[in-house]
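What the coordinates show
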Amino acid sequence: MLKSLVRYARKFKFALASNRFRIERILKVFSVLISLGAVVAIICQHGCYLSEEMELRTSAIVVVAFCFYVFKYFLRSLYEMKFLTYLKNNKLESVIILLLLIAVIFSHQLQDLFSLSDSVFPHYRQLFFHIFYFFIFFVEIAKVSTVLKKINMSPPLLMLLSFFVLIAMGTLLLLMPKATTNGISFTDALFTATSASCVTGLTSVNTALCFTTTGYIILMVLMQLGGMSILSFATFFISFLSHSYTGLRYQYMVKDMLSTNRVADSFSFLREIIVVTFVIEGVGALMLYMYWRTTGLFVDDGETILYSIFHAISAYNNAGFSLWPESLMSSDVVNSHFPQMIIMILVFAGGIGYVVIRDFFDPRVIRERKKKRWMKLTDGTQIALITSFAIIITGTIIFYFLEANNTLVGKGNPFDKVFASLFQVVAGRTAGFNIVDINAISIPAILLFIVIIFIGASPGSTGGGIKTTTFFVILKSISATIKGKSKIEFRKKTIPFSIVDKAYSIVVMSLVFIISSTFLLAIIDPEIPLKNLMFEATSAFTTCGLSTGCIADFSVAGKLVLTLNMYIGRIGTLTFAYALSKRVKETRHEYPETSFMVG
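These numbers come from a predicted model, not from an experiment. (Residues numbered from 1 in each chain as written. Predicted model: local features only at pLDDT ≥ 70, side-chain atom pairs only at ≥ 80, totals over all residues. Heavy atoms only, no water.)

With that settled, the discussion passes to the overall build of the protein chain. Across its full length, the protein chain holds 26 helices and two strands. In the protein chain, which comprises 599 residues, the proportion classed as buried is 49%. For the protein chain, contacts bridging at least 24 residues in sequence account for 71% of all contacts bridging at least 6. Approximately 31,400 Å² of the protein chain is accessible, and the part contributed by carbon and sulfur atoms is 68%. (Helix = DSSP H or I, 4+ residues; strand = E, 2+ residues; numbered from the N terminus. Buried < 20%, exposed > 50% of the residue type's maximum accessible area, 1.4 Å probe, protein only. Contact = heavy atoms within 4.5 Å. Areas by Shrake-Rupley, 256 points an atom, 1.4 Å probe, with all protein chains shown as cover.)

So this is what it looks like as structure tokens:
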């Protein structure tokens, strides 16, 4: 009997192996269809009010999808030569399968372990399954994604389209009934989705009052994907799961996108960015949770965790969204220095850029500098740090003296006023958090903020603006012109003209776009003061998020102008221009020079 079973098993395995490619094609088609169906069912469950019958049907779809996924996993393992090799090559899938099977088999034990009641446990179990199924969905999409080999787009155009898709998906999700308390218009959903995806923080509705917990989670996902760049996240995920599915051309595209020196550096660099992002956000969320759980601000631990994670993600990604109706001006947090300090650190870390963090804190780089005493921080890191600290210190001092007898009057002693000034400059420069009423600050303070948010964060960061290094290069260029120098130098090195040319192009194009959008807003909404229009246009374009509080008064056309501002500002003027223009190949010939008066 045993011999017969073994013989039949061998025949079955041989049949599977001989028809492997045909089975794989069938499984791929069914995987995509079933995965999409399950994701739509999960979204409907969390985003729509369903009848009891529809709830059962959508739950059945998810269960069928889960069973198919387990079936496919074990079926594929049968025609592999070595099962251990199969496990090694499919580590993530194996972990997901194991966790899901544990959740199914030991559900009662888990309920007793976490002391969950019969009424609460099914909801947590369902949420657990749904979260893991989204991982399964991404795995399936990555495994069948051969379209990457056929992509014939430039990195700028791909970046442009990736944010467009993210914003479109976010808009549709925010329009779901369960995402909001009393519904939301298409314009406001589009505006909010763009603001979250482009990590801006401007809102046409009150985030805390308009959205439900489902809406908050959607905003967190949009901020996270937008902050890391949806293209970087997708590239990392696909390269991690599909290995050989990304061709050499696509690897070079990733290299250009990240500005790394070698193709081999690109994907490892992406992995480091993802890991560091989650570690910093996790530590920040933990610190906020440990503090807020002792204050009694929230109803239970669940709400405390939600607020901690939301504000950690919002701060690190320089998004500026808050779950308090009055943002951080709320009486619950406006005078709390500890959470403000954590948020400040997260905003600064996200705005300084991963390249600077890596150069400053990476143990390998530190060990290398210890071995080679002549090695120092890279020029980019030094410029980013010098410029950032100069802007923060100068901005804090000026804001303090401008507002000491105005919006800072109620902040208590001089130390509290200085701290409030520091927080407002650090968090307002790129993230948009505010602990003073921006609409009440003086005109000189408004102009101060327009300047510092126009400069913005550092390259490779989650913040916007023309970037600190661009501003530094412009200053060095002006200094060299005044002194009559033909070369622009820094630390006994010459800054190439290509960088200077790029810096001037960014500044001019940004100014043209901000002035043009302000001009349009003045025509569309003439009843709103010009200072407010210029401030909102600059804040939107630089993805800063500070607001004078007048966006709700804008017309639909005005909101659409600001939406376009946020979109182009997040992508970058040069990237946007590159995406829409045809690159001309340089030739070796050079025309004779000409001379004429300027200035």
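This part takes up the nonpolar core. One finds Phe-399 and Phe-433 to be the most contacted residues of the largest nonpolar core, which totals 76 residues. Considering each element in turn, this core owes the most residues, eight residues, to helix α21 (residues 443-455). Counting 40 residues, the second largest nonpolar core, distinct from the first, contains Leu-160, Cys-198, Ala-480 and Ala-503. (Core = buried A, V, L, I, M, F, W, Y, C linked by side-chain atoms within 4.5 Å.)

Bringing the packing of aromatic side chains into the picture now. The final tally for this structure, using the stated rule, is 14 aromatic pairs. Between Trp-292 and Trp-324, the ring centres sit 5.4 Å apart and the planes meet at 70 degrees, which makes this aromatic pair edge-to-face. Of this pair, Trp-292 sits in helix α14 (residues 263-292) while Trp-324 sits in the loop between α15 (301-316) and α16 (337-352), placing them 32 residues apart in sequence. Across this residue pair, the class does not change: Trp-292 and Trp-324 are buried. Ring centres 5.5 Å apart and planes at 70 degrees place the aromatic pair Phe-399 and Phe-449 in the edge-to-face group. Placement of Phe-399 in helix α19 (residues 379-403) and of Phe-449 in helix α21 is noted, with a sequence separation of 50 residues between them. Per residue, the accessibility class of Phe-399 equals that of Phe-449, and both read buried. Through a chain of ring-to-ring contacts, three or more aromatic side chains come together here, namely Trp-292, Phe-298, Tyr-307 and Trp-324. (Phe/Tyr/Trp six-rings, centres within 6.5 Å; stacked < 30°, edge-to-face > 60°.)

Turning next to helix α5 (residues 91-105). Helix length check: α5, at 15 residues, gives a terminal C-alpha distance of 21 Å against a target of 21 Å (1.5 Å per residue), a fit within 8%. All of the buried residues along α5 are Glu-93, Ser-94, Ile-96, Ile-97, Leu-100 and Ala-103. (Expected span 1.5 Å × (residues − 1).)

Now for a nonpolar patch on the surface. A contiguous nonpolar patch, built from Val-95, Leu-98, Leu-99, Ile-102, Val-104, Ile-105 and Phe-106 and spanning about 590 Å² of accessible area, is present on the exposed surface. Looking at where Phe-106 falls in the secondary structure, it is placed in the loop between α5 and α6 (107-113). (Patch = residues over 30% accessible without salt bridge, like charges linked within 9 Å, V, L, I, M, F, W, Y side chains within 5 Å. Salt bridge = Lys/Arg side-chain N within 4 Å of Asp/Glu carboxyl O.)

Turning our attention to the state of the cysteines. Applying the stated criterion across every chain yields a total of zero disulfides. Cys-48 provides the cysteine sulfur closest to Cys-44, a residue in no disulfide bond, and the two sulfurs are 4.8 Å apart. By relative accessible area, which is 25% here, Cys-44 ends up partly exposed. (Disulfide = S-S within 2.5 Å.)

Our next topic: the pattern of salt bridges. Evaluation of the coordinates by the stated rule reveals three salt bridges. Arg-57 is paired through a salt bridge with Glu-53; the nearest N and O atoms lie 2.7 Å apart. Residue Arg-57 and its partner Glu-53 are located together in helix α3 (residues 52-78), separated by four residues, close to a single helical turn. Judged by relative accessible area, Arg-57 falls into the partly exposed class, the value being 48%. When the shortest N-O distance is used, the salt bridge between Asp-379 and Lys-493 registers 3.2 Å. Residue Asp-379 is located in helix α19, and its partner Lys-493 is located in strand β2 (residues 493-494); the two are separated by 114 residues in the primary sequence. Residue class for Asp-379 comes out partly exposed when judged on its relative accessible area of 24%. Lys-493 gets classed as partly exposed once you look at its relative accessible area, which sits at 48%.

The residue Val-199 is not glycine, and still its phi comes out positive at about 45 degrees. Its location among the elements puts Val-199 in the loop between α9 (186-197) and α10 (207-210). Using a relative accessible area of 0% as the deciding quantity, one classes Val-199 as buried. The phi torsion at Lys-492 lies on the positive side, around 60 degrees, for a residue other than glycine. In this structure, Lys-492 sits in the loop between β1 (489-490) and β2.

What follows deals with helix α11 (residues 213-228). Spanning 16 residues, α11 covers 23 Å between terminal C-alpha atoms, matching the ideal 22 Å at 1.5 Å per step. Burial analysis of α11 places twelve of its 16 residues in the buried class, which makes it a mostly covered element. Residues of α11 that are buried: Gly-215, Tyr-216, Ile-218, Leu-219, Met-220, Leu-222, Met-223, Gln-224, Leu-225, Gly-226, Gly-227 and Met-228.

The next thing to look at is the environment of Gln-382. For Gln-382, the location among the structural elements is in helix α19. Look at Gln-382 and you get buried, because its relative accessible area is 15%. Taking C-alpha positions, Gln-382 is 9.9 Å from Asp-359, a pair spaced 23 residues apart along the chain. Beyond its immediate stretch of four places on either side in the chain, Gln-382 contacts Lys-376, Leu-377, Phe-490 and Arg-491.

Here we take up the side chain of Ser-314. By the element assignment, Ser-314 lies in helix α15. A distance of 2.8 Å separates the side chain of Ser-314 from the backbone oxygen of Phe-321, its partner in a polar contact. Setting aside anything within four residues of it in sequence, one finds Ser-314 in contact with Met-223, Ala-319, Gly-320, Phe-321 and Phe-433. (Polar contact = N/O pair within 3.5 Å; in protein donor to acceptor, adjacent residues only side chain to side chain.)

So, about the side chain of Thr-180. Following the sequence through the fold, Thr-180 ends up in the loop between α8 (155-174) and α9. Not counting residues within four places of it along the chain, the set of residues in contact with Thr-180 comprises Leu-174, Cys-210, Phe-211 and Thr-212.

Inspection of the secondary structure puts Phe-423 in helix α20 (residues 414-430). The class of Phe-423 is buried, set by a relative accessible area of 0%. Taking C-alpha positions, Phe-423 is 7.8 Å from Met-341, a pair spaced 82 residues apart along the chain. Filtering out sequence-adjacent residues up to four positions away, Phe-423 remains in contact with Leu-328, Gln-340, Ile-343, Met-344, Gly-428, Phe-433 and Ile-435.

All right, on to the packing of α19 against helix α22 (residues 468-483) then. Taken N-terminus to C-terminus, the directions of α19 and α22 make an angle of 90 degrees; their axes are 9 Å apart at the nearest point. Taken together, the axes of α19 and α22 lie roughly perpendicular to each other. Contacts from Gly-380, Ile-383, Ala-384, Thr-387, Ser-388 and Ile-391 in α19 reach Thr-468, Thr-469, Phe-471 and Phe-472 in α22. Of the residues belonging to the contact of α19 with α22, the class tally is five nonpolar, five polar and no charged. (Axes fitted to C-alpha atoms, helices over the stretch in contact; angles between N-to-C directions. Parallel < 35°, antiparallel > 145°, perpendicular 65-115°, else oblique. Nonpolar A, V, L, I, M, F, W, Y, C, P; charged D, E, K, R; others polar.)

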